[in-house]
Amino acid sequence: MSKKKLPSPQEEHEEKVEQTTNMITAEDLIEQAVYSANTPECCKGGQQAENMLGMLGANLIDSDVYHTPEEHAKLEM
């Protein structure tokens, strides 16, 4: 009789992390597809990209977070 090797706690944790990551990725892809298919007419190009990044929780487009030194002076006014 051969015994099946049980996964270690670390292996179990890694598997759960991978499953969670896969679920989040699938959800993000679906959100992107639905948004792309239903983009309002007023949103074009860069605005669409900004909206999509915002949907995914990215704050790369947030001008209050990321700005050039020249823009910094304008934001302080």
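Residues numbered from 1 in each chain as written. Predicted model: local features only at pLDDT ≥ 70, side-chain atom pairs only at ≥ 80, totals over all residues. Heavy atoms only, no water.

Glancing now at the overall build of the protein. When you go through the protein residue by residue, the secondary structure sums to three helices and zero strands. The secondary structure elements of the protein, listed N-terminal to C-terminal, are α-α-α. If you sum the accessible surface of the protein, you get close to 6,900 Å²; carbon and sulfur atoms cover 58% of it. (Helix = DSSP H or I, 4+ residues; strand = E, 2+ residues; numbered from the N terminus. Areas by Shrake-Rupley, 256 points an atom, 1.4 Å probe, with all protein chains shown as cover.)

At a minimum axis distance of 10 Å, the contact between helix H1 (residues 9-37) and helix H2 (residues 46-55) shows a crossing angle of 150 degrees. By the angle class used here, H1 and H2 are roughly antiparallel. At the point where H1 passes H2, the crossing takes the right-handed sense. The residues of H2 that touch H1, namely those facing Glu-31, Gln-32, Tyr-35 and Ser-36, are Gln-47, Gln-48, Asn-51, Met-52 and Met-55. Residue classes in the contact of H1 with H2 are distributed as three nonpolar, five polar and one charged. (Axes fitted to C-alpha atoms, helices over the stretch in contact; angles between N-to-C directions. Parallel < 35°, antiparallel > 145°, perpendicular 65-115°, else oblique. Left-handed = near helix turned anticlockwise from the far one by under 90°. Contact = heavy atoms within 4.5 Å. Nonpolar A, V, L, I, M, F, W, Y, C, P; charged D, E, K, R; others polar.)

This next bit is on a negative patch on the surface. Residues Glu-11, Glu-12, Glu-14, Glu-15 and Glu-18 make up a contiguous surface patch of negative charge. Along the chain, Glu-11 falls in helix H1. Relative accessible area serves as the criterion here: at 38%, Glu-11 is assigned to the partly exposed category. (Patch = residues over 30% accessible without salt bridge, like charges linked within 9 Å, V, L, I, M, F, W, Y side chains within 5 Å. Salt bridge = Lys/Arg side-chain N within 4 Å of Asp/Glu carboxyl O. Lys, Arg positive; Asp, Glu negative; His and termini not counted. Charge placed at Lys NZ, Arg CZ, Asp CG, Glu CD. Buried < 20%, exposed > 50% of the residue type's maximum accessible area, 1.4 Å probe, protein only.)

Before going further, it helps to examine the environment of Thr-39. One can find Thr-39 in the loop between H1 and H2. With twelve residues separating them along the chain, Thr-39 and Asn-51 place their C-alpha atoms 9.6 Å apart.

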